[in-house]
Amino acid sequence: MFLTLVTWLTFMSSYYFMLKFSRSELQAALFSVIYTLSFFRMANVFCRTGVAEYTAYIFMPMVFCAYAGILCKNYHWWSVLALGYSLIVLTHPLTAFMTGIMFVPPLILLLLHKDTRSWSYWLRLIKTGIKTIMLVAIITCGYWLPVEEQNYNIPMRRPLTLVLSQTAKTPLQIIQGLVQSQLWSYSLGIIMGVALLALLVFVWKDSFVYQIVAIEAIVAIILSTNLIPWQYLQNTFFNYLQFPWRFLNLATFFLAIYLSHLLVIIYKWSQSKSQILFLSAIIVICSVQVVGSATSVYQRTTNIPILPYAQSDSLTSANIEHLNRNFTQRDYYPLASNADADSLEQHQSIINGKMVKLPIKTTTNTYQTHYYSRKRATLDLPVIYYPGIKAVVNRNLVTKQVSSRGTIAIPVHKGANQIILQGSYSELAQISFIISILGILVTGSLIFKYW
């Protein structure tokens, strides 16, 4: 149901904003089909299960349509750009980072265009950019302020760092990927291969707008390869990319725009009797690609070796629940908790330097236990520290501390201690949520005003 919803929203977003961009219902329809059913998006859905990424790409048409509008002096699009970019930030910040990179090439190209050689244009563009950035910061502060608060209190472990120069694709792999039918190759696929070939042939005589679209596609492809000296960026923020071929998401987006543009031209040349067959063929080709790709992934996953995690040597409905329950994921784990992760997963508490296992009861947002102490002491509980958690001992609110394990440590009294840890958002997080909601309301009113 979730995949169906995301796919439907991607169709709708693609159609609506391409219609705004191209003023062509036919191009909007073609783009929505080609983009939503693209090979690389299917890889994210079926193979990588990159939930955040393929959800974030619902908003990509919204962002670049608004960005194009601003560059074409329709400055009232700034609020739409702010909302769309904020939605990407809140869904998948890494995609927002890559999208920000793709904002740069059009600006460089516009410096060379005769219609934009005026100080008034660039001053207006800078003013619009500042307003957009400020509004994005307001809308998304409900995300980044709590994150910064958490990192201030207890630094978090980052995701796995990979060698970018090794995970980037070679130009040969890009070329080979144009005829790939296996999703786990993470390639552009046959349809986008046709789009790239057509782009290289026809872009030279196309309009300036579609030349920019073409250059965006080519830049995104280059960024996915080892033609970029990634080894010099390994120790920078760029290492969060893990896989430079993530840029093929954006390459697919721009190639889909260009292919839909060319197909409209071909459609207008065709005879009226063949137009229905033409449109039907596009839909069938894209649908066959989806079905074939999904089938190949299914056949592959039924033979995944999973030893020594289970007695069986393949993934089955009988052992999948066991595998899920025993899977360990420590990305974004507190750095201080990493060395003691095993004791935390076994729910071991520490009192006076000794490990103890207390009886626990949990609900959706509470952790309850009890402990009888012979004297005043500090009890280190196997619950990761978050600023908003409240600690109550014998119905009295107590001050919590960060233990050496990155967990919650509380004082206990002599005698019986009834302990409840209650999860809640910190005051800063609650304030930031309110600011974000107000920012969304203000953005909505701005969009309503102009639309």
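Our subject is the structure listed above.
Note that this is a predicted model, so its numbers are computed, not measured.

Caption draft 1: Structural context of the sheet that holds strand 6 (residues 390-393). Ordered by their spatial adjacency, five strands build an open sheet running 3-4-10-6-7, and the pairing between neighbours is antiparallel. The open sheet has two edge strands with one neighbour each: strand 3 (360-362) and strand 7 (396-398). Taking each pair of neighbouring strands and ignoring which way they run, the sheet shows an average axis angle of 25 degrees. When strand 3 meets strand 4 (residues 366-373), the two strands line up antiparallel, connected through three bridges. Within strand 4, the residue paired with Thr362 across the bridge is Tyr367.

Caption draft 2: Quick look at the sheet that holds strand 9 (residues 407-412). Reading across from one edge, 2-1-5-9-8 is the order of the five strands in this open sheet, with antiparallel pairing throughout. Taken across any chain shown, the strands that pair with only one partner, and hence form the sheet edges, are strand 2 (354-356) and strand 8 (401-402). Where strand 8 lies against strand 9, two bridges are found, and the strand directions are antiparallel. By the bridge assignment for strand 9, Val402 is matched with Ile408.

Caption draft 3: Focus on the side chain of Thr140. If you trace the backbone, Thr140 turns up in helix 9 (residues 119-153). Every residue in contact with Thr140, bar those within four places of it in the chain, is listed here: Ser86, Val89, Leu90 and Ser436.

Caption draft 4: Up close: the nonpolar core. Core analysis: the largest hydrophobic core is formed by 98 residues, its most contacted members being Ile34, Phe64, Leu250, Phe254 and Leu255. Tallying contributions element by element places helix 14 (residues 248-269) first for this core, with 14 residues. In this structure, Leu250 is in contact with Tyr57, Met60, Phe64, Met98, Thr99, Met102 and Ala220, ignoring residues within four places of it in sequence. Counting residues in hydrophobic clusters, the runner-up holds 19 residues, among them Ile351, Tyr371, Ala391 and Ile419.

The rules we used
- Residues numbered from 1 in each chain as written.
- Predicted model: local features only at pLDDT ≥ 70, side-chain atom pairs only at ≥ 80, totals over all residues.
- Heavy atoms only, no water.
- Pairing = 2+ DSSP bridges.
- Helix = DSSP H or I, 4+ residues; strand = E, 2+ residues; numbered from the N terminus.
- Axes fitted to C-alpha atoms, helices over the stretch in contact; angles between N-to-C directions.
- Contact = heavy atoms within 4.5 Å.
- Core = buried A, V, L, I, M, F, W, Y, C linked by side-chain atoms within 4.5 Å.
- Buried < 20%, exposed > 50% of the residue type's maximum accessible area, 1.4 Å probe, protein only.

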